[in-house]
Amino acid sequence: MRALQADGVSQRRACQLVDCTRSTLHYRRQRPDEEPIAARMRELAAERPRWGWRRLLILIRRDKIDVGERRFRRIYRELGLKVRPRRKQHVRYLRGNAIAPVHAPNERWSLDFMHDTLAGGRKIRTLMVIDDFTRECLAIAVSTSFSSKAVIRVLEAIEFDNG
């Protein structure tokens, strides 16, 4: 409006030209008191650190505090509230009972099944039996599939060789 006044047009005339009242020209918006909303928001965020603004807004509205979503989000940002990340859970490498150490050969064996695909697309599977004390591979069996009877046959063959 000041630019129009410099050219010699009064405020009254300029407002008539754009069809608005002079009271809107001098209007200064008065924000309502947001401290009750902010205080309650801080309390709820402290109680529930994993809840975001949407859930907090629901709780605020349940407390009969009338607040719009945009205003609520603005206050939420101004307070610097964020959903705090979850604490990492430490991985327990030993689940259940700890495995006892081995003191002699043939005290405990480990079985491992592996699979691979040949160039022609055919799948093969291998069964490896390893002595846990000596780390010696006692048997490697290769087949297209292993039934329980085939596994028992391999284990019995090792038992007879070592027995």
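Look above for the structure.
Rules used throughout
- Residues numbered from 1 in each chain as written.
- Predicted model: local features only at pLDDT ≥ 70, side-chain atom pairs only at ≥ 80, totals over all residues.
- Heavy atoms only, no water.
- Pairing = 2+ DSSP bridges.
- Helix = DSSP H or I, 4+ residues; strand = E, 2+ residues; numbered from the N terminus.
- Axes fitted to C-alpha atoms, helices over the stretch in contact; angles between N-to-C directions.
- Salt bridge = Lys/Arg side-chain N within 4 Å of Asp/Glu carboxyl O.
- Contact = heavy atoms within 4.5 Å.
- Left-handed = near helix turned anticlockwise from the far one by under 90°.
- Nonpolar A, V, L, I, M, F, W, Y, C, P; charged D, E, K, R; others polar.
- Buried < 20%, exposed > 50% of the residue type's maximum accessible area, 1.4 Å probe, protein only.
- 1 Å grid on protein atoms, 1.4 Å probe; cavity = no way out; pocket = protein on both sides within 12 Å on 5 of 7 lines; lining within 4 Å.
- Points joined across faces, edges and corners; volume = space filled by probe spheres on them.

S.K.: Summarise the sheet that holds strand S1 (residues 109-117); cite the residues concerned and give the values.
M.R.: Sheet architecture is open: three strands sit in the order S1-S2-S3, paired in antiparallel fashion. Two strands close off the open sheet at either side, each with one partner strand: S1 and strand S3 (137-143). The average undirected angle you get between the axes of adjacent strands in this sheet is 15°.

S.K.: Which residues make up the pattern of salt bridges, and what are the values?
M.R.: Inspection of the entire model under this criterion finds seven salt bridges. Here Arg 42 makes a salt bridge to Glu 35, at a shortest N to O gap of 3.6 Å. In this structure, Glu 43 and Arg 40 form a salt bridge, with 2.9 Å as the shortest nitrogen-oxygen distance. Of this pair, Glu 43 and Arg 40 both sit in helix H4 (residues 35-47), separated by three residues, roughly a single helical turn. The network of salt bridges with common partners includes Glu 34, Arg 71, Arg 74 and Glu 78.

S.K.: I'd like a rundown of the side chain of Glu 34, residues and numbers included.
M.R.: Relative to the assigned elements, Glu 34 resides in the loop between helix H3 (22-25) and H4. In contact with Glu 34, not counting residues within four places along its chain, are Arg 71, Arg 74, Ile 75 and Glu 78.

S.K.: Quick rundown of the packing of H4 against helix H6 (residues 69-78)? Include the residues and the values.
M.R.: Here H4 crosses H6 at 65°, and the two axes come no closer than 10 Å. Of the two possible hands of crossing, H4 and H6 adopt the one that is right-handed. Seen from H4, the contacting residues are Ile 37, Ala 38 and Met 41; seen from H6, they are Arg 71, Phe 72, Ile 75 and Tyr 76. Of the residues contributing to the contact of H4 with H6, the split by class is six nonpolar, no polar and one charged.

S.K.: Lay out the packing of helix H5 (residues 53-62) against H6 in plain terms, naming residues and giving numbers.
M.R.: Running from amino to carboxyl end, H5 crosses H6 at an angle of 115°, the nearest separation of the two axes being 11 Å. Classified by chirality, the crossing of H6 by H5 is right-handed. Taking contact as the criterion, the partners of Trp 53, Leu 56, Leu 57, Ile 60 and Arg 61 in H5 are, on H6, Glu 69, Phe 72, Arg 73 and Tyr 76. When grouped by side-chain class, the residues that make up the contact of H5 with H6 number six nonpolar, no polar and three charged.

S.K.: Give a description of H6 that names residues and reports values.
M.R.: Every α-helix winds through 3.6 residues per turn, so residues three or four apart in the chain are directed the same way. When H6 is considered as a whole, its buried residues turn out to be Phe 72, Arg 74, Ile 75 and Tyr 76. Buried residues in H6 make contact with H4 and H5. After H6 finishes, the residue Gly 80 shows a positive phi value of roughly 75°.

S.K.: Tell me what's going on with empty space enclosed by the protein, and back it up with residues and numbers.
M.R.: Using the criterion set out here, one finds one cavity of 30 Å³ or more in the structure. As for the largest cavity, its lining consists of Ala 45, Arg 48, Pro 49, Trp 51, Leu 56, Tyr 76, Leu 81, Lys 82 and Arg 84. When grouped by side-chain class, the residues that make up the lining of the largest cavity number six nonpolar, no polar and three charged.

S.K.: Describe the pairing of S3, and please don't skip the residues or the numbers.
M.R.: The side chains of a regular strand alternate between both faces of the sheet. Alignment of strand S2 (residues 123-131) against S3, held across six bridges, turns out to be antiparallel. Considered in S3, the bridge of Arg 125 is made with Ser 143. Two successive antiparallel strands, S2 and S3, enclose a turn made up of five residues, where Arg 135 displays a positive phi of approximately 60°.

S.K.: I'd like a rundown of the environment of His 115, residues and numbers included.
M.R.: The residue His 115 is located in strand S1 in this model. In this structure the C-alpha to C-alpha distance between His 115 and Tyr 76, which are 39 residues apart in sequence, comes to 55 Å. With near-sequence residues (within four places) excluded, His 115 lies in contact with Ile 124 and Arg 125.

Read these as geometric descriptors, not functional statements.
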